Amino acid sequence: MDPIDLYRHFRRALRACQLYPEGSRIRMETSDRLARKIAEAIEEHVEGVSLSFLEDGAYVDGIPVPAGQGEEEADGLSDHLFNLGVREIRFLIGIHADEVLRLLEVLTRARSGELNPVDEDLSILLWESDLTHVGYLLYEEDEPEADDVSHEQLEVEEMISNEPPLDDYLATDEEIVIQEMPLSAPAGLTEAERLAVIADYRNEIAETTPLKYGRLLLEILRVENDTKEVPRLEKYLVDYLEVLMTTERFAILANLEKHLGAEGGEIDSVHLALGRARDWFLQSELYIRAARAHHLHPSDGEAAKGFLARVPKEVVPDLVSLCLDERSEDLAGSFEQIRVRIRESAEVQRICLSDPRPEVRKLALEESCGLDRETAHQVRELMTTPDPEVRVRAAWALSRTDSHEAYDGLAEALEDPEPRVRVAAAGALAQRGGAKALELLLRIVVSKNFAKKAPEEKRAFFHAAGRVSPEEVLPVLARLAEQRGFWPSRERSERAEAALEAMSRLGPEAREFLMQRWRRKRPDLLRRFERFWIEADSAAPARQEAA
């Protein structure tokens, strides 16, 4: 980019707008050429191209335009724009010729003194011109104080003096450090100082101003005495919160939520309005947007994570349903945060267990651990739900509590009409252990209906009983295996096979016991057991992964 060439095109286009009437072909051609030059320059500077006007002259992206090189001696363009208060014009990616022309027309009117001092202002005209891809920095001098002050003005000033200082409204959480400058410092800015001022200005526009606006809305609502005005102010505040949520400005939302504060003791229209504003932060959409949001500014990204870390308990089921429905990799981090929230809060577990959506209940059962008495009772009630998968997960959830509800619920599950629920209940009892668990399992094993069960279910019950008390159950299982003769009945053969396979999954203790028992007397059973042992050993990693 040639900064002097770009500045020349800017000057010529502005001069053409001044000399030729609106709609003139010369106006259009010069603004088109300037737009093309700007587009070429932006290809090298993705952050945009800046024209600055200071007391000591013009600058293009911080590079000074030497006197005479910009061809500006005749009309003093840099001085004129500086005196109008224009400090910087920045052209951004996407700018087109129409925007350039609208900018030039406004600057031409200002240079020609055509602005009505009563109701027209350069900053307002620039704002109304819809310059989406043009940024600008203006400096307006304070108007001189009037000599005559009316009685109405005195009343207004007295009212303002009784209000809290404006700094209280505009203060942000960050500490503002003002660097002291020596008295002998020159009036003009160095290039580094100029760029620092521009950077601060951009930060003010991009980050601070929206927060200040929200804070002002809050403070105005807090001091409002007219009950008829409160609903209108409340609507302005809620509408602004909605806009912030839609545009994913989570950092500002978090700051405003903090400044809403806790509920006060007094009940009036203002306090009720503030309470409803606090309730706005309980809606599901806010947290769903925080979970879905990506490519955010770092401060908004951290604020979104903060919202997800403290999701209101009533909102957790909606987020669970969202994460399970979309199953997107982008939601993986959010989903893990929700799972942690369920694990750490019994109250959240109970809310999810009460949700009508099966997928929410299943996840709550999967993540529940250390159930208290109330939650255990709720899980036990889910053992009657029509969905077998919910009943399976409920059985495993009951294995993770010390409540007496667990034994009662698992005892009922052992009689469930669905085989996989009965198998899950047997495994849950094995995980709990204890004499009570062994008693419930053996009661099923010795029942008349046990012979009619499928081999897989028999194997599961034998294995569960062996896990609870190997020293008591291993001899029993060995005797059942020994009943497999040359011509066994089908029922006896299935039971013997189930006992052998169950013992093969009980670990080295069972293998050592059977080697001592069968090495001489029943080598045939020992060889068959060894085959089951090898199969069980190779399948162990797959079973652990599935668990």
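Definitions and cut-offs
Residue numbering note: each chain is counted from 1, following its sequence as written. Residues qualify for local features only when their pLDDT is at least 70, as the model is predicted, and side-chain atom pairs are given and counted only at 80 or more; totals for whole chains, interfaces and linings, by contrast, use all residues. Values reported for side chains reflect all heavy atoms of the structure, with hydrogen atoms and water molecules removed beforehand. Working definition: helices are DSSP H or I runs of at least four residues, strands are E runs of at least two. Numbering for both runs from the N terminus. Working definition: with a 1.4 Å probe on protein chains only, accessible area under 20% of the residue-type maximum means buried, over 50% means exposed, and in between means partly exposed. In what follows, residue pairs with any heavy atoms lying within 4.5 Å of each other are defined as contacts. Here the accessible surface of atoms and residues is derived via Shrake-Rupley with a 1.4 Å probe, and residues count as covered only by protein chains that are part of the display. For this analysis, a nonpolar core means a set of buried residues of the types Ala, Val, Leu, Ile, Met, Phe, Trp, Tyr and Cys, connected via side-chain atoms within 4.5 Å. Stacked, tilted and edge-to-face are the three classes applied to pairs of Phe, Tyr and Trp rings, where Trp contributes its six-membered ring and a pair requires centres within 6.5 Å; stacked means planes under 30 degrees apart, edge-to-face means over 60, and tilted covers the rest. Consider the ring centre and the ring normal. A charge sits over the ring if Lys NZ or Arg CZ is within 6 Å of that centre and within 35 degrees of that normal. Whether two strands pair comes down to DSSP finding at least two bridges between them. Lines are fitted to the C-alpha atoms to define the axes, a helix being fitted only along its stretch in contact, and any angle between axes, read from their N-to-C directions, falls within 0 to 180 degrees. Here a crossing is taken to be left-handed if its near helix is turned anticlockwise relative to the far helix by less than a right angle, and right-handed if that turn runs clockwise. Each residue gets one of three labels, nonpolar for Ala, Val, Leu, Ile, Met, Phe, Trp, Tyr, Cys and Pro, charged for Asp, Glu, Lys and Arg, and polar for the others, Gly among them. Within this document, salt bridges are pairs made up of a side-chain nitrogen of Lys or Arg and a carboxyl oxygen of Asp or Glu, the two lying within 4 Å of each other. Polar contact criterion, stated in full: a pair of N or O atoms within 3.5 Å, where within protein one must be able to donate a hydrogen and the other to accept it, and residues adjacent in sequence count only if both atoms are side-chain atoms. Residue-level confidence of the predictor is summarised by pLDDT, bounded by 0 at the bottom and 100 at the top.

**Things to note about the overall build of the protein**
Assigned secondary structure in the protein consists of 27 helices and 5 strands. In the protein, which comprises 547 residues, the proportion classed as buried is 43%. Long-range pairs, those at least 24 residues apart, make up 69% of the contacts in the protein with a sequence separation of at least 6. Element-wise, carbon and sulfur atoms account for 52% of the exposed surface of the protein, whose accessible area totals about 31000 Å².

**Here we look at the nonpolar core**
In terms of nonpolar packing, the biggest core is built from 107 residues, with Leu253, Leu319 and Trp518 touching the most fellow members. In terms of residue count, the dominant contributor to this core is helix α9 (residues 230-246) (8 residues). Leu319 has contacts with Tyr287, Ile288, Ala291, Leu308, Val311 and Ile338, leaving out every residue within four places of it along the chain. Of all hydrophobic cores here, the second largest spans 36 residues; its members include Leu14, Ile89, Ile95 and Leu125.

**What to know about the packing of aromatic side chains**
With the rule as written, the count across this model stands at 9 aromatic pairs. Plain terms: the ring middles of Phe10 and Phe53 are 6.3 Å apart, the flat faces sit at 35 degrees to each other, and that makes the pair tilted. One end of the pair, Phe10, is in helix α1 (residues 3-19); the other, Phe53, is in strand β1 (residues 49-54), with 43 residues separating them in the sequence. Accessibility classification places Phe10 together with Phe53 in one group, the buried group. The ring of Phe82 is capped by Arg87, whose NZ or CZ atom sits 4.0 Å from the centre of that ring. One Lys or Arg, Arg432, reaches over the ring of Tyr407 and ends 4.3 Å from the middle of that ring.

**Details of the sheet that holds strand β4 (residues 86-91)**
Here 5 strands make up an open sheet; going across it, the order is β3-β2-β1-β4-β5 and the pairing antiparallel. The open sheet is flanked by β3 (63-64) and β5 (134-138), the only strands paired with a single partner. Sheet analysis places β1 next to β4, joined by 4 bridges and oriented antiparallel. Bridge pairing in β4 links Ser52 to Glu88. α1 rests against β1, β2 (57-60), β3 and β4 of the sheet, and its axis sits at about 75 degrees to β1. Packed onto the sheet, helix α4 (residues 97-111) meets β4 and β5 and runs at close to 170 degrees relative to β4.

**Considerations on helix α17 (residues 358-367)**
Along α17, 7 of the 10 residues are buried, which leaves the element largely enclosed by surrounding structure. When we look at burial in α17, the residues that qualify are Val360, Arg361, Lys362, Leu363, Ala364, Leu365 and Glu367.

**Quick word on the packing of helix α16 (residues 346-353) against α17**
As a packed pair, α16 and α17 sit with axes 8 Å apart at the nearest point and diverge in direction by 145 degrees. As for how α16 packs across α17, the hand of that crossing is left-handed. Contact residues: α16 offers Gln349, Cys352 and Leu353, while α17 offers Val360, Arg361, Ala364, Leu365 and Glu367. In terms of residue class, the contact of α16 with α17 is made up of 5 nonpolar, 1 polar and 2 charged.

**A word on the environment of Val100**
As for its placement among the helices and strands, Val100 is situated in helix α4. Separated by 72 residues in sequence, Val100 and Met28 have C-alpha atoms that sit 9.9 Å apart. Among all residues touching Val100, those that are not within four sequence positions of it are Ser31, Leu34, Ala35, Ile38 and Ile95.

**Here we look at the pattern of salt bridges**
For the coordinates displayed, the defined rule picks out 38 salt bridges. Note that Arg25 is salt-bridged to Glu29, the shortest N-O span being 2.7 Å. Residue Arg25 and its partner Glu29 are both found in helix α2 (residues 25-44); the two are separated by 4 residues, about one turn of the helix. The closest approach of N and O atoms between Asp416 and Arg391, which form a salt bridge, is 2.9 Å. Placement of the pair is Asp416 in the loop between α20 (404-413) and α21 (419-432) and Arg391 in helix α19 (residues 388-398), with a sequence separation of 25 residues. For the pair Asp416 and Arg391, one class covers both residues: buried. One salt-bridge network, held together by shared partners, links Glu336, Arg339, Arg343, Glu366, Glu367, Glu389, Arg393, Glu418 and Arg420.

**Remarks on the environment of Arg400**
Mapped onto the fold, Arg400 is located in the loop between α19 and α20. Not counting residues up to four positions away in its chain, the partners in contact with Arg400 are Leu365, Glu366, Ser368, Cys369, Gly370, Leu371 and Gln431. Within polar-contact distance, the side chain of Arg400 engages the backbone oxygen of Ser368 at 2.6 Å.

**Focus: the side chain of Glu88**
By secondary structure assignment, the location of Glu88 is in strand β4. Classification of Glu88 by relative accessible area gives buried; the value is 3%. Only 2.7 Å separates the side chain of Glu88 from the side chain of Ser50, close enough to count as a polar contact.

**Observations regarding the confidence of the model for the protein**
Residues of the protein with pLDDT of at least 70 account for 79%, and the chain-wide mean is 80. In the model of the protein, helix α7 (residues 166-170) stands out as the element of lowest mean pLDDT, 49, in contrast to α21, which has the highest, 93. Contacts of residues 174-187 to residues separated by more than four positions or lying in other chains number 2 contacts, the stretch itself having pLDDT below 50. Note that residues 541-547 has pLDDT below 50 and, in this model, 2 contacts with residues that lie over four places away or in other chains.

**Re the pairing of β2**
Note: β1 against β2, 4 bridges, orientation antiparallel. Note on β2: the bridge partner recorded for Leu54 is Gly57. Connecting β1 to the next strand, β2, in antiparallel fashion are 2 residues. Across 2 bridges, the pairing between β2 and β3 is antiparallel. If you follow Tyr59 over to β3, its bridge partner there is Pro64.

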